[in-house]
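Notes for the structure review
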Amino acid sequence: MMEKKRIAICGCKVHVDKFIDLINSFEESEVCALYDTKVERGKEVAKRHALPYCDNFDEMLETYHPDAVAILSENYEKAAMMLKAAKRGISIFVEKPMCITYEDALAVQKAVNDNHVTFFMSDPFVRKGLIKIRELIATGELGEIHEAFFRLSNYPSNLATKYNKAEDGGGIMLDVGGHAIHMMHYLFGLPEKVSSVLLSSTEEAKKEDVEDIASITCIYPHDLVVNMECSYATKGSMSSAVVHGTRATATVVADEPFSEGNEHIHITKERNDSYDIYDLPSIPKRHIRYFVEMLVNNHPNDIVGKDPLSNAGVSLDAAVEYVRLINAIYKSANRGLTEV
């Protein structure tokens with residue numbers, strides 16, 4: 001019988017129950033312990049899943065000897081945990097974003113590379129529609145790309161507990177805005193310049209001094225302009241991607257109710273010349289499923305993003321670039337506004 005990979009859960013934010021159930025459902029892995037600085041929250045989750053609970057990260061590593069950590073914590077805790085884990089040769093699964101500052105991201109990147117540990121950042125927003133659009137770009141079927149647009153909106157069920165600048169480092173751009181960055185980066189890489197408008201539209205966001213609406217323009221070489229819009233101020237949820245080329249425009253269309261399996265691509269060439277593509281690539285594997293396979297099969301970190309089945313996640317180098325871009329977005333916020 002295969003010896004299971006032991007994975008410690010670190011932090012109990014949002015999706016912790018889902019990740020514990022998934023890890024324990026695989027024959028190659030099991031959750032060995034749970035760590036959380038929020039004691040009541042951590043003990044409650046540990047009791048629910050019959051797991052040993054620790055409130056000290058170093059003690060948890062020394063006592064339970066995990067092969068990997070799954071970091072599901074608030075953003076401000078992530079960098080320190082990843083550095084300690086990597087230096088002990090422990091592999092890392094982390095929910096996006098990997099950390100708050102670009103300096104911390106570079107330090108983690110170095111520690112992961114120096115200690116040859118597996119790294120995977122979860123972000124399941126490159127789905128089969130976007131994979132198909134990248135294929136259409138690569139084959140030239142859309143022509144030269146000069147414009148693209150991405151929108152992510154989500155209305156939190158409890159705004160009063162959504163915003164915490166001290167723990168998360170910011171607002172929507174350090175949360176679901178990262179999905180839009182993942183989608184854009186997957187197609188076009190890192191932009192050269194960025195200009196952003198960040199607004200606080202609700203009393204909850206204003207109180208915490210964080211943005212809940214973001215409008216961002218990214219400039220790439222060869223006259224490519226990409227716009228991103230992210231919002232917590234819109235009822236319901238929305239994910240959209242549109243890529244404009246000189247030969248055609250491609251739009252990801254998600255049928256209602258949305259699931260990862262029911263999207264398709266709408267192609268527009270001229271006013272009366274359009275069609276739909278339903279024959280799309282395979283759905284990427286679940287994020288934690290792919291990470292476990294990386295551990296078991298010793299896959300290199302740079303496979304993430306190259307293998308289409310890995311696209312529910314982000315590679316180490318791309319995760320670092322995301323943090324670099326997020327920091328630039330905050331730096332440029334509201335500096336380019338001119339009164340009319």
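A brief report on the enclosed structure follows. (Residues numbered from 1 in each chain as written. Predicted model: local features only at pLDDT ≥ 70, side-chain atom pairs only at ≥ 80, totals over all residues. Heavy atoms only, no water.)

Below, the discussion takes up the layout of surface pockets. A volume near 220 Å³ is recorded for the second largest pocket. Lining the second largest pocket are 15 residues, and of these S91, H116, V117, T118 and N298 sit closest to its centre. Of all the secondary-structure elements, those providing two or more residues to the lining of the second largest pocket are α5 (102-115) and α11 (287-297). Of the residues in the lining of the second largest pocket, the class split is five nonpolar, eight polar and two charged. (1 Å grid on protein atoms, 1.4 Å probe; cavity = no way out; pocket = protein on both sides within 12 Å on 5 of 7 lines; lining within 4 Å. Points joined across faces, edges and corners; volume = space filled by probe spheres on them. Helix = DSSP H or I, 4+ residues; strand = E, 2+ residues; numbered from the N terminus. Nonpolar A, V, L, I, M, F, W, Y, C, P; charged D, E, K, R; others polar.)

Okay, empty space enclosed by the protein next. If you walk through the whole model with that rule in mind, you get two cavities of 30 Å³ or more. The computed volume of the largest cavity comes to approximately 110 Å³. Along its surface, the largest cavity is lined by eleven residues, and R127, M183, S239, V252 and E263 are the ones closest to its centre. Broken down by secondary-structure element, the contributors of at least two residues to the lining of the largest cavity are β11 (238-245) and β12 (249-254). Top element by residues in the lining of the largest cavity is β11. It accounts for three residues. The residue inventory of the lining of the largest cavity, partitioned by class, reads seven nonpolar, two polar and two charged. Every residue lining the second largest cavity is listed: K96, P97, M121, D123, M173, L174, D175, G178, I181, Y322 and I326. Elements represented by at least two residues in the lining of the second largest cavity include exactly α9 (177-188) and α12 (316-332).

Another aspect to go through is the sheet that holds β11. Sheet architecture is open: eight strands sit in the order β8-β9-β10-β7-β11-β12-β13-β14, paired in mixed fashion. Of all strands in the sheet, those bounded by a partner on one side alone are β8 (193-199) and β14 (273-277). Averaged over neighbouring strand pairs, the angle between their axes works out to 15° when direction is ignored. Along the sheet, helix α6 (residues 128-139) contacts β7 (145-153), β11, β12, β13 (263-270) and β14; its crossing angle with β13, the most-contacted strand, is approximately 35°. Against the sheet, α9 contacts β7, β9 (213-220), β10 (224-231) and β11, and its axis sits at roughly 155° relative to β7. (Pairing = 2+ DSSP bridges. Axes fitted to C-alpha atoms, helices over the stretch in contact; angles between N-to-C directions. Contact = heavy atoms within 4.5 Å.)

Across the sheet, seven strands lie side by side as β3-β2-β1-β4-β5-β6-β15; this open sheet has mixed pairing. Only two strands of the sheet have a single neighbouring strand rather than two, namely β3 (53-54) and β15 (313-314). Together, β1 (5-10), β2 (29-35), β5 (91-95) and β6 (119-122) form the strand contacts of helix α1 (residues 16-25), whose direction differs from that of β2 by roughly 145°.

The interhelical angle for the contact between α5 and α12, taken along N-to-C directions, is 170°, at an axis separation of 9 Å. In terms of orientation, α5 lies roughly antiparallel with respect to α12. Across the interface between the two elements, Y102, A105, L106, Q109, V112 and N113 from α5 touch L316, D317, V320, V323, R324 and N327 from α12. Among the residues making up the contact of α5 with α12, the classes are represented as seven nonpolar, three polar and two charged. (Parallel < 35°, antiparallel > 145°, perpendicular 65-115°, else oblique.)

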